[in-house]
Amino acid sequence: MAKRKVAALEKIDADFASLQQKIRRDPKSYKDDFLRQWEQYESQRQLFLLAPTNASASLVESFHNLIDLIAHVADCYPEETREFPDELKDILAEHHAILHPELREKMVGSLLLLRRKDLVDSANVLTALFPILVSSPSKSLRELLFHKILSDIRNANSKHIDHPLNRTIQTVLYNLVTADRASPRAIWAIKLTRELWKRQIWTDAKPVDVMKEACLADNEKVVIGAVRFFLGGDKEREELEDESSDEEVDLGKIKHQMGINKKTKKQKSVYSKAVEKMKRANKKKDKPHPLNFSALHLLHDPQDFAEQLFSKHLQNTKAKLSLDTKLLVLQLVTRLVGLHKLTIVPLYSWFIKFLTPRQQSVTSFLASLAQGTHNLVPPDVLEPLLQKIANEFVSEASASEVAAAGLNSIREICARQPLAMTDTLLQDLVQYRKSKDKGVMMAAKGLLSLYREVGAELLKKRDRGKNATIGLKAGTISQLRYGEEETGGIEGLDLLAKWKEEERKRKRAEKGLPEDGEGEDEDEEAEDSDGWDIASDDSSVSGEWINVSHSEDEEPEPKKQKKSGGEDDEEGGEDDQTKEDRAAEIERISQLATTTILTPADLAKLQELRAAASIEDSMGIKKRRRNADNASRHLDDGVTAENIEAPARLRKLTKEEKVALAKEGKPEREEHKSTQAIRRSKKEAEGKSTSNKEKARRKNIFMTMGKAKSKQKRSLVETRKVLTRHVTRAARGGRRANGT
């Protein structure tokens, strides 16, 4: 009985498929057949609506097939099927909870099929499906609708950005989040927005506003999803872009396989698809890089947003968030404060009760505190926090991991606001560089090296080091005051100026002229420009200063002469000489920046010198760091608990950990192979063939026995003839004679 029923159903499906093909081929001839099916659809729809829960299996199956038929041929009869999409939407909206799963899935697929045929507006379909997504109790239906809505928005924005559709959907999501802040339904708005942001379909400020409102919700799951979007959404987008760019097509391998294997239509289609994919990749490379701003930079009012987050979820004692959720919110607040240099003074006093080694996840609190510090935070606000960390974490009675974490967090805070440190506390902390524990010793040395660059005045003379002492004497190193910004410039311009000076001296030495000559010919300046005749270097030489005669009253003072008296005179002479050299260096660099047009050759050389300098820094040739590196460190990436706990990794590793560390970043090798074996396996993986010698070596012994026996029966005359033919063939270049 069951077999007969299955056979009957298969026959009905085949009949519907055959009728569908006939209608698609000739709509006019089969219009009467379609109208009969349409009448059946109308009657079954009315029967179904009378009692949707009591519908029989046969009625559901027939109704399913009729919906499928009409959806596929609706574009052939647009007038007759004008009300068909609205009827499907009404049935789904009212009875989606009690419909049969297959019938429900068919209705959703038919609606999207009608949208692809442009018989219904995309915004109309999506706004009808989204309420079902957030209210349906069926997990399978929610998953189906989510993927259908997501794929439809992606298809609508594939060729060009559909701004009206995007605005409509974003407004729906915004209203869903703000309508009921305690409802968990907003989680679907977060999922959809995060997926479209990751795929770079939505990149403007409106989806950021949606997630901003979701961060201020009352439901904990909604808050977690929205906060993680701001903390990791941009990283997900970059990873997805890197994965898509890594997919490369080897046309040579495919073409080689086509030449070896039997030629089929499938191979041609594979090759054509590979060519199209490569064209799209090249076209994508030629396009300018889109300005994908971070979600944190697209916030309209970050100050107000950070204050609302802090007051609602952290400062409010009635907030019922778990500790992990509070840590996520705290990371977002401090990230906003550090990135946009916001001022939320109560935030720092709120930290005090959490700065104790007994606090759970204390390293996350320390990292958030460092992340929320910048050079515009008042030093008076941070001083009690540094004192509390020093008292609680850094002491002789503390464990080595605790002391290292405390020193590391103090260094991270002071890297952003050096004025928060006092000289007494700094001199006390620096003494831990003599600790026997490696983690504590390195953390203290890191703090010492930081203040040698940003605040050497706070250190004792014996702790300042050579460079800091010379810089303090020469006046080139000085601690910035509160609110003072360091003047910017062109990075690497001093390297370019030094290189130009060396080139000038080298060319003068080649011509037999003294290296320290003042004047230069215009021809020599033109040669220095490397063929870019834009009068770049000419302007610095030909435009000489005009000597202005001074009156007796305005006569400039003569330079002070060196005195050869006591120690004070010698020290003062050296100080004056250092200042003069420094002033000359600054004047030379500023002259190159203000009086010279950098040509394309200069810019290329500047880029080359920057790259060489960065390589030297990474190799440890130049160990000094710049103040700018310390100030901008972790500005975009933020500070994590791993940065605070870093010295804990310096403990003695086990053998397994050492092996894993040695294998990290290296390709997997199952067994040791020779170079020839590795080359052979690589050729096999690329689909390349082997040589004739390798094929002969691998040939079965029984296939070669006949030839071997015939060789043994040769006479001397036959052997001589074979060898002669071999020598002659080799002399003329092989069997094909290499084209000769």
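Going by the structure above, here's the rest.
Residues numbered from 1 in each chain as written. Predicted model: local features only at pLDDT ≥ 70, side-chain atom pairs only at ≥ 80, totals over all residues. Heavy atoms only, no water.

J.: Please set out the overall build of the protein residue by residue, giving values where relevant.
T.: A tally of regular secondary structure across the protein gives 34 helices and zero strands. Looking at the 740 residues of the protein, the share that counts as buried comes to 34%. Considering only contacts within the protein whose residues lie at least 6 apart along the sequence, 69% involve residues at least 24 apart. Carbon and sulfur atoms provide 51% of the accessible area of the protein, an area that totals close to 47200 Å². (Helix = DSSP H or I, 4+ residues; strand = E, 2+ residues; numbered from the N terminus. Buried < 20%, exposed > 50% of the residue type's maximum accessible area, 1.4 Å probe, protein only. Contact = heavy atoms within 4.5 Å. Areas by Shrake-Rupley, 256 points an atom, 1.4 Å probe, with all protein chains shown as cover.)

J.: So, the side chain of Thr 373: which residues are in play, and what are the values?
T.: Mapped onto the elements, Thr 373 comes out in the loop between α17 (362–371) and α18 (379–393). In terms of polar contacts, Thr 373 uses its side chain to reach the backbone carbonyl oxygen of Leu 369, at 2.8 Å. Not counting chain neighbours up to four residues away, the residues in contact with Thr 373 comprise Tyr 348, Leu 382, Ile 413, Arg 416 and Gln 417. (Polar contact = N/O pair within 3.5 Å; in protein donor to acceptor, adjacent residues only side chain to side chain.)

J.: Explain a nonpolar patch on the surface residue by residue, including any values.
T.: Together, Ile 701, Phe 702 and Met 705 make up an exposed nonpolar region whose accessible area comes to about 340 Å². Inspection of the secondary structure assignment puts Phe 702 in helix α33 (residues 701–712). (Patch = residues over 30% accessible without salt bridge, like charges linked within 9 Å, V, L, I, M, F, W, Y side chains within 5 Å. Salt bridge = Lys/Arg side-chain N within 4 Å of Asp/Glu carboxyl O.)

J.: How would you sum up the packing of aromatic side chains? Please name residues and give values.
T.: Scanning the entire structure with this criterion turns up 15 aromatic pairs. When the ring of Trp 350 is compared with that of Phe 351, the centres are 5.6 Å apart and the planes differ by 75°; the resulting orientation is edge-to-face. The exposure class of Trp 350 is buried, given its relative accessible area of 11%. For Phe 351, a relative accessible area of 1% corresponds to the buried category. (Phe/Tyr/Trp six-rings, centres within 6.5 Å; stacked < 30°, edge-to-face > 60°.)

J.: Account for the packing of helix α6 (residues 122–135) against helix α7 (residues 139–156), with residues named and values stated.
T.: Remark: α6 packs on α7, axes separated minimally by 10 Å, with the N-to-C direction vectors making an angle of 155°. As judged from the angle between their axes, α6 and α7 are roughly antiparallel. Read as a crossing pair, α6 and α7 show a hand that is left-handed. Side by side, α6 and α7 meet where Ser 122, Leu 126, Leu 129, Phe 130, Ile 132 and Leu 133 of the first sit next to Leu 141, Arg 142, Leu 145, Phe 146, Ile 149, Asp 152 and Ile 153 of the second. Considering only residue class, the contact of α6 with α7 consists of 10 nonpolar, one polar and two charged. (Axes fitted to C-alpha atoms, helices over the stretch in contact; angles between N-to-C directions. Parallel < 35°, antiparallel > 145°, perpendicular 65-115°, else oblique. Left-handed = near helix turned anticlockwise from the far one by under 90°. Nonpolar A, V, L, I, M, F, W, Y, C, P; charged D, E, K, R; others polar.)

J.: Describe in detail the pattern of salt bridges, supporting the description with residues and values.
T.: Side-chain pairs of opposite charge can arise whenever the charged atoms involved come near each other. Summed over all chains, the structure comprises 21 salt bridges. Between Lys 31 and Glu 80 there is a salt bridge; the shortest N-O distance is 3.3 Å. Placement of Lys 31 in helix α2 (residues 31–50) and of Glu 80 in the loop between α3 (57–73) and α4 (84–95) is noted, with a sequence separation of 49 residues between them. Assessed through its relative accessible area of 27%, Glu 80 is described here as partly exposed.

J.: Could you give an account of the packing of helix α15 (residues 323–340) against α17, with specific residues and numbers?
T.: Viewed as axis vectors pointing N to C, α15 and α17 meet at an angle of 20°, and their least axial separation amounts to 8 Å. Judged by the inter-axis angle, α15 sits roughly parallel to α17. In terms of crossing hand, the pair formed by α15 and α17 is left-handed. Between α15 and α17, the residues in contact are Leu 323, Leu 327, Leu 330, Gln 331, Thr 334, Arg 335 and Gly 338 and Ser 364, Phe 365, Ser 368 and Gln 371, respectively. For the contact of α15 with α17, a count of residues per class yields four nonpolar, six polar and one charged.

J.: A description of the nonpolar core should follow, citing residues and the corresponding values.
T.: Judged by nonpolar contacts, the single largest core of 139 residues is most densely connected at Leu 192, Phe 230 and Tyr 451. Here Tyr 451 is in contact with Cys 414, Pro 418, Met 421, Leu 426, Ala 456, Leu 458 and Leu 459, once residues within four sequence places are set aside. (Core = buried A, V, L, I, M, F, W, Y, C linked by side-chain atoms within 4.5 Å.)

J.: Could you give an account of helix α21 (residues 438–454), with specific residues and numbers?
T.: Given 3.6 residues per helical turn, the α-helix brings residues three or four places apart onto the same face. Across its 17 residues, α21 extends 24 Å between first and last C-alpha, which sits within 8% of the 24 Å expected from 1.5 Å per residue. Those residues of α21 lying buried are Gly 439, Val 440, Ala 443, Ala 444, Gly 446, Leu 447, Leu 448, Leu 450, Tyr 451, Glu 453 and Val 454. The N-capping residue of α21, defined by a side-chain oxygen 3.1 Å from the backbone nitrogen of Gly 439, is Asp 437. (Expected span 1.5 Å × (residues − 1).)

J.: An account of unusual backbone geometry is needed here, citing residue identities and associated values.
T.: Even without being a glycine, Gln 200 presents a positive backbone phi close to 60°. Among the structural elements, Gln 200 can be located in the loop between α9 (186–198) and α10 (205–215). The phi dihedral of Ser 361 is positive, around 55°, even though this residue is not glycine. Along the chain, the position of Ser 361 falls in the loop between α16 (345–350) and α17.

J.: So what's going on with α9? Residues and values would help.
T.: Helix length check: α9 (13 residues) gives 18 Å between terminal C-alpha atoms against 18 Å at 1.5 Å per residue, within 8%. The set of residues buried in α9 consists of Ala 186, Trp 188, Ala 189, Ile 190, Leu 192, Thr 193, Glu 195, Leu 196 and Trp 197. A positive backbone phi angle near 60° is found at Gln 200, which sits one or two residues after α9.

J.: Requested: an account of the environment of Lys 445, with residues and values cited.
T.: The topology assignment puts Lys 445 in helix α21. Sequence-wise, Lys 445 and Gln 431 are 14 residues apart; in three dimensions their C-alpha atoms are separated by 9.2 Å.

J.: Tell me what's going on with a positive patch on the surface, and back it up with residues and numbers.
T.: Among the surface-exposed residues, Lys 699, Lys 707, Lys 711, Arg 714, Arg 720, Lys 721, Arg 725, Arg 729 and Arg 732 lie close enough to one another that they form a single positively charged patch. Of all the secondary-structure elements, those providing two or more residues to the positive patch are α33 and α34 (716–732). When residues of the positive patch are assigned to their parent elements, the largest contribution, five residues, is made by α34. Looking at the element boundaries, Lys 721 is found in helix α34. (Lys, Arg positive; Asp, Glu negative; His and termini not counted. Charge placed at Lys NZ, Arg CZ, Asp CG, Glu CD.)

J.: Before we move on, can you summarise the side chain of Arg 433 with the specific residues and values?
T.: Among the secondary structure elements, Arg 433 is positioned in the loop between α20 (423–430) and α21. Among the polar contacts listed, one links the side chain of Arg 433 to the side chain of Asp 463, at a separation of 3.0 Å. Setting aside residues up to four positions removed in sequence, Arg 433 forms contacts with Met 441, Ala 444, Lys 445, Leu 448 and Asp 463.

J.: Help me get a handle on the environment of Ile 410, residues and values and all.
T.: Counting through the fold element by element, Ile 410 comes out in helix α19 (residues 400–416). Note: C-alpha distance between Ile 410 and Ala 390 (20 residues apart in sequence) is 8.1 Å. For Ile 410, the contacting residues outside a window of four places in its chain are Leu 386, Ile 389, Ala 390, Met 421, Leu 429 and Leu 447.

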